[in-house]
Amino acid sequence: MNKPSELPGLGQWHDHTHVPFQVYSDEAIYRRELDEYFYGPFWHPVALQAEIPNVNDYKSLYIGETPVIAVHSAEGEFSVMVNACAHRGVQLTAEFLGNAGGFTCPYHGWVFKNDGSLLSTIGEECFPDDYDPANYNLKNLRVETFCGIVFATFDPAAPSLDDFLGNLKPHMKVVVGGGERPLKLLGYQKITFNTNWKLFMDNDGYHAGILHAAFRLLDFAGGDGYLEADGHYGHWGMNYQSKDYEDNGYLNDPTVVESRSGEQTAAGACVRPVTQAVRHMDSINFRFARPMGPNKTEVHYTYFGFADDDPDLLNHRVRQGSNLLGPSGFISIEDSSIFDRSQKAMGYTGGQMHFLKGMGSNPDINRSSQNDESVSTVFWADYKTRMGF
Amino acid sequence: MAALTDHDTLTLIDDLLQRYVSALDDLDMQGWLATFSSDGQYRLTTQENVKYNLPLSLMLDDCPERLKDRVKYVDEVWGNTVEEYQPRHFVQRGLSKTNGDGAYHVRSNFSLFYTSKEGHTKLLTVGRYDDVIVEEQGVFKFKSKTGIMDTAVPPRYIIYPV
């Protein structure tokens, strides 16, 4: 394979805080990223337990370009396996969410248990003498959980999930309300962003009060939070109490921006390579994403409340999730626009992305104000090394 | 509920469906608002959320105040930040029913194309409407309009109501 470092122009990439456009658009770089990031030593959040709460519940999704099934395979236990028959690679289920004690391949009738192990085949008496069913289980990924979030990795050599998440853990914990209270799935908003997966993840703190007109019109910005990166993979998180909205008369229905739960109002976790977990006001959402080539990213905004919420609070969370912070949300729609508008120029080999705000006189690159973009550079330092540039 | 066959009533329903489509295709948000009754509601969701009995929506204007705020978002807030597109709706009325209480339950199919500023056209979403239509001061209006998208993953973000 053509190594990315041999690609024209990239020999010039000296400073990881100035990223060549080509990195966001080149097909060969993208193919290598699939191996390094999606099939390499990264843990991918695949589901929350609240999406598959009962034994035999499953969810289909993609890690990188590979379809997988996340299954609640036994009480409190989860299996994640490639959604492809161990015989001839046929997709075992096309359902997004379902409940099944096992999976039967439609092609030749091979049956697998819900943990991916082979249960039965048809015509085994005519298989070769050295056929061993133990070699024909589904490809299982390593699985670990944290605070009701199911993670999986293809890489047997990946570090433990605990080491992988590092100092992101407290931020993630706040997003899901501490990890003890069971969550309740409220629904999905799925969208295609016509942008590179890294551009989706480059979204920073610098832009928030500038891009999002809603914050200005509602006089609803501020707070003194900070962003904290992990010094390694480039995860970063935040959690702070944002000020409550005070009705300034702009909205006809200000109830939709109220914070009613009494819970912490702002938290976020940027989990590399491509997941975001966000809590804002009373809205809790995980943005599960997957790259679809260098120029396209599919994102599933997945919303939660708590199982013990009273009906009014649950309805309030549904209203906020449906109206404020999704791909077409009152506050967040402009992010969608920036993703797509930024990608348009990425084919220009002479261009660079510059990360500046927060880079001046900053003693700790892993910490910045909530309105900086400097913590994003921790990812780029690691990326440049990991990818061999 | 009985199937609605009265020609004059169906003509008035068609007129409302056309006013709705014309307002959106003309990016006339006040015209869109005017198709709802004084207690009107609008919801846009996906067949997937409906199938799994999940209440979350893509747009949820469950009171007249929220309908008015949606007009504000489009006309005042988002402005030139979002990438505007020309919507083009194709709507076909399906089965209409009534139980004689003055409310008409109308199902119709939609396909919605969008054309970017750069002039490229694609299908944005396909689905159906489940509407409840009432007469208010002599005019047919939506008491509730629910768009249910077969398209779980649109090819770009949606700005305007569908």
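If you're wondering where the values come from, they're calculated on a predicted model, not measured in any experiment.

**Comments concerning the packing of aromatic side chains**
Moving on, step 1. Following the criterion strictly, the structure yields 48 aromatic pairs over all chains and no others.
Moving on, step 2. Residues Tyr37 of chain A and Phe379 of chain A carry aromatic rings whose centres are separated by 5.9 Å and whose planes lie at 45 degrees to one another, so their mutual orientation is tilted. Of this pair, Tyr37 of chain A sits in helix α1 (residues 27-38) while Phe379 of chain A sits in helix α9 (residues 376-386), placing them 342 residues apart in sequence.
Moving on, step 3. Ring geometry for Phe90 of chain B versus Phe113 of chain B: centroids 5.8 Å apart, planes at 85 degrees, classification edge-to-face. Here the residue Phe90 of chain B occupies a position in strand β4 (residues 85-98), and Phe113 of chain B occupies one in strand β5 (residues 104-116), the gap between them amounting to 23 residues.
Moving on, step 4. Since its relative accessible area comes to 48%, Phe90 of chain B is described here as partly exposed.
Moving on, step 5. In this structure an aromatic cluster arises from ring pairing among Trp13, Tyr24, Tyr37, Phe38, Phe42, Phe164, Trp197, Tyr233, Phe379, Trp380, Tyr383 and Phe389 of chain A.
Moving on, step 6. Seen from the ring of Tyr250 of chain A, Lys72 of chain B lies directly overhead, with NZ or CZ sitting 4.0 Å from the centre.
Moving on, step 7. Lys145 of chain B extends its terminal NZ or CZ atom over the ring of Tyr129 of chain B, reaching a point 3.7 Å from the ring centre.

**Quick word on the interface of chain A and chain B**
Think of interface size as the accessible area that goes away when the parts come together; that is how it is often given.
Moving on, step 1. In this complex, chain A contributes 39 residues to the contact, which on the side of chain B involves 37 residues.
Moving on, step 2. Our count for the chain A to chain B interface comes out at 4 salt bridges.
Moving on, step 3. Lys190 of chain A is the partner of Glu48 of chain B in a salt bridge, and the nearest nitrogen-oxygen pair spans 2.8 Å.
Moving on, step 4. Put simply, chain A and chain B have 22 residue pairs in polar contact (both at pLDDT 80 or more) between them.
Moving on, step 5. Those elements that provide at least two residues to the side of chain A that touches chain B are β12 (183-193), α6 (213-217), β18 (297-306), α7 (311-323) and α8 (333-343) of chain A.
Moving on, step 6. At 8 residues, the largest contribution of residues to the side of chain A that touches chain B is made by β12 of chain A.

**Brief notes about the packing of α1 of chain A against α9 of chain A**
All names here are of chain A.
Moving on, step 1. At a minimum axis separation of 11 Å, α1 and α9 run at an interaxial angle of 100 degrees. Classified by the interaxial angle, the pair formed by α1 and α9 is roughly perpendicular. On the side of α1, the interface is formed by Ile29, Arg32, Glu33, Glu36 and Tyr37, while α9 contributes Phe379, Asp382, Tyr383 and Arg386.
Moving on, step 2. Looking at the contact of α1 with α9 residue by residue, the class counts come to 4 nonpolar, no polar and 5 charged.

**Things to note about the domain arrangement of chain A**
Residue and element names in this part refer to chain A.
Moving on, step 1. Taken as a whole, chain A is organised into domain 1 (44-153) and domain 2 (166-387).
Moving on, step 2. Opposite the 17 residues of domain 1 that make contact, domain 2 presents 22 residues.
Moving on, step 3. Between domain 1 and domain 2 lies a buried interface of about 1,500 Å² when both sides are counted; carbon and sulfur atoms form 76% of it.
Moving on, step 4. On the domain 1 side of the contact with domain 2, Pro45, Leu48 and Cys147 bury the most area, a combined 31% of that side's loss.
Moving on, step 5. Counting across the domain 1 and domain 2 interface gives 0 salt bridges.

What counts and what doesn't
- Residues numbered from 1 in each chain as written.
- Chains lettered and ligands numbered in written order.
- Predicted model: local features only at pLDDT ≥ 70, side-chain atom pairs only at ≥ 80, totals over all residues.
- Heavy atoms only, no water.
- Phe/Tyr/Trp six-rings, centres within 6.5 Å; stacked < 30°, edge-to-face > 60°.
- Helix = DSSP H or I, 4+ residues; strand = E, 2+ residues; numbered from the N terminus.
- Buried < 20%, exposed > 50% of the residue type's maximum accessible area, 1.4 Å probe, protein only.
- Lys NZ or Arg CZ within 6 Å of the ring centre and 35° of its normal.
- Contact = heavy atoms within 4.5 Å.
- Salt bridge = Lys/Arg side-chain N within 4 Å of Asp/Glu carboxyl O.
- Polar contact = N/O pair within 3.5 Å; in protein donor to acceptor, adjacent residues only side chain to side chain.
- Axes fitted to C-alpha atoms, helices over the stretch in contact; angles between N-to-C directions.
- Parallel < 35°, antiparallel > 145°, perpendicular 65-115°, else oblique.
- Nonpolar A, V, L, I, M, F, W, Y, C, P; charged D, E, K, R; others polar.
- Domains from an automatic or database assignment.
- Buried area = accessible area lost by both parts, 1.4 Å probe.

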